[in-house]
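Below are the chains, spelled out letter by letter.
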Amino acid sequence: MSTVAAEKRTAIAIKNILYATDFSPAAIAALPYVRGIALRYNSNVHVLHVKQPTSYAFVTPDMVPTVMEMENRLEIEETQQLRKVLAKIPHDLTYGTGFVLDELDKMIHSKSIDLVVIGTNGRTGAARVLLGSVAAEILRRAPCPVLTVGPHCTGSAKEHLEMREILYPTDFSAQSLAAAPYAMSLAQEHQAEIALLNVIQPSGGVELVHPEQYVDSSWRRLRNLVPAEAELWCTPTCIVTQGAPAETILKIAWERRPDLIVLGVKDVTRSMSVATHLSRATAQAVIANAPCPVLSVRVPEHRREANLQ
């Protein structure tokens, strides 16, 4: 891979990052990504910690003060560690006491947030993947991209962020194509390889009559998404395959072990159980089970024309 810098820059900016944390292990695992992206893009980091009411139902009355003191001490220690990690980055810390989503909405709009970063625990249910109500709601409501660090992510450096390969699945919809500048820009910033993936989903479970024609056409469309200058820093890989979207994306991800997956996620008004290539249902399944963080780029209807111009 060449280390020559490309002359043409991909036009995205990440000036303000919102890092939502409850100081849990999942949230702490997301911190290196906050730091790494902020350093690459000269971003400001706005940390939000919303304290939730603690239940002392299983604590005897005389132990409540001790438990409260332990909680406060832990909060102070985690805050000190957080400030240490972000020492070289412009940042501020806000403590909220209200409803988490309300506090997030306020900060997203008041601080002109370009990226939300959260750590999340995923679990697989019988019918669908659950990220937890807060994380799932952030994915649905956030007007900006959301970087989620799931429970299966490995290789997160404590002091620096390293990206060697980025996986970008697309179904060529306007929404998924809106994520392309993020995938290309992050690959360029990190001098990383990029793999583009298109999953062909047979209609009604019926196999394609001439799959080679679809594969060839999709491969050319993938290749056309790569800027010519990208070859200065990487050798793009284009992958076209058949299968169910979420399962296929995850299969490729576990085989290649990229450092980041970038998804352009569709707004879905119908049932979340309907699995389109890049629906929120697919995104949630990928986020909960991916071996690396996932950047979800959702373009609201009223911003599709203006976004990333």
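What counts and what doesn't
Residues numbered from 1 in each chain as written. Predicted model: local features only at pLDDT ≥ 70, side-chain atom pairs only at ≥ 80, totals over all residues. Heavy atoms only, no water. Helix = DSSP H or I, 4+ residues; strand = E, 2+ residues; numbered from the N terminus. Expected span 1.5 Å × (residues − 1). Buried < 20%, exposed > 50% of the residue type's maximum accessible area, 1.4 Å probe, protein only. Phe/Tyr/Trp six-rings, centres within 6.5 Å; stacked < 30°, edge-to-face > 60°. Lys NZ or Arg CZ within 6 Å of the ring centre and 35° of its normal. Pairing = 2+ DSSP bridges. Axes fitted to C-alpha atoms, helices over the stretch in contact; angles between N-to-C directions. Contact = heavy atoms within 4.5 Å. pLDDT = per-residue confidence, 0-100. Core = buried A, V, L, I, M, F, W, Y, C linked by side-chain atoms within 4.5 Å.

Before going further, it helps to examine helix H1 (residues 25-41). With 17 residues, H1 should reach 24 Å at 1.5 Å per residue; the first-to-last C-alpha distance of 26 Å fits that figure. Across the 17 residues that make up H1, a large majority, 12, are buried. Listing the buried residues of H1 in full gives Ala26, Ala27, Ala30, Leu31, Pro32, Tyr33, Val34, Arg35, Gly36, Ile37, Ala38 and Tyr41. Positive phi appears at Asn42, one or two residues downstream of H1, with a value of about 55°.

A word on the packing of aromatic side chains. Per the stated rule, a full pass over the model turns up zero aromatic pairs. The ring centre of Phe172 lies 4.0 Å from the NZ or CZ of Arg221, which sits over that ring.

Quick look at the sheet that holds strand E9 (residues 193-200) now. With mixed pairing, the 10 strands of this open sheet are ordered in space as E3-E2-E1-E4-E7-E12-E11-E8-E9-E10. Looking along the sheet, the strands with just one partner apiece sit at the ends: strand E3 (91-96) and strand E10 (237-242). For this sheet, the mean inter-axis angle between neighbouring strands, taken without regard to orientation, is 20°. In this structure, strand E4 (residues 115-119) lies alongside strand E7 (residues 146-149), joined through four bridges in parallel fashion. When the sheet's bridge partners are listed, Gly119 is paired in E7 with Val149. Docked against the sheet, helix H3 (residues 100-110) engages strand E1 (16-20), strand E2 (44-50), E3 and E4, running at close to 160° with respect to E2.

Summing up the model confidence of the chain, the mean pLDDT is 78 and the portion of residues at 70 or higher is 75%. Mean pLDDT in the chain bottoms out at strand E6 (residues 129-130), which sits at 33, and peaks at strand E8 (residues 165-169), which reaches 96. Long-range and interchain partners of residues 1-9, a stretch whose pLDDT sits below 50, account for 21 contacts in this model, where long-range means more than four residues apart. This stretch, residues 302-309, has a pLDDT under 50; its non-local contacts, to residues over four places away or in other chains, come to 11 contacts.

Our next topic: unusual backbone geometry. For residues other than glycine, phi is negative in most cases, and the peptide bonds are mostly trans. Backbone geometry at Asn42 places phi at a positive 55°, although glycine is not the residue there. Of the residues examined, Asn42 reaches a relative accessible area of 71% and is grouped as exposed. Although it is not a glycine, Ser112 adopts a positive phi angle of roughly 50°. Looking at the secondary structure, you find Ser112 in the loop between H3 and E4. Given the relative accessible area of 48%, Ser112 is considered partly exposed.

Counting 52 residues, the largest nonpolar core has Ile17, Tyr19, Val45, Val262 and Leu295 as its most contacted members. The dominant element in this core, judged by the number of residues it contributes, is H1, at eight residues. For Tyr19, the residues in contact, after removing those within four places along its chain, are Ala27, Ile28, Ala30, Leu31, Val34, Val45, His46, Val47, Leu48, Leu82 and Val117. With 36 residues, the next largest nonpolar core counts Leu48, Ile113, Val116 and Leu250 among its residues.

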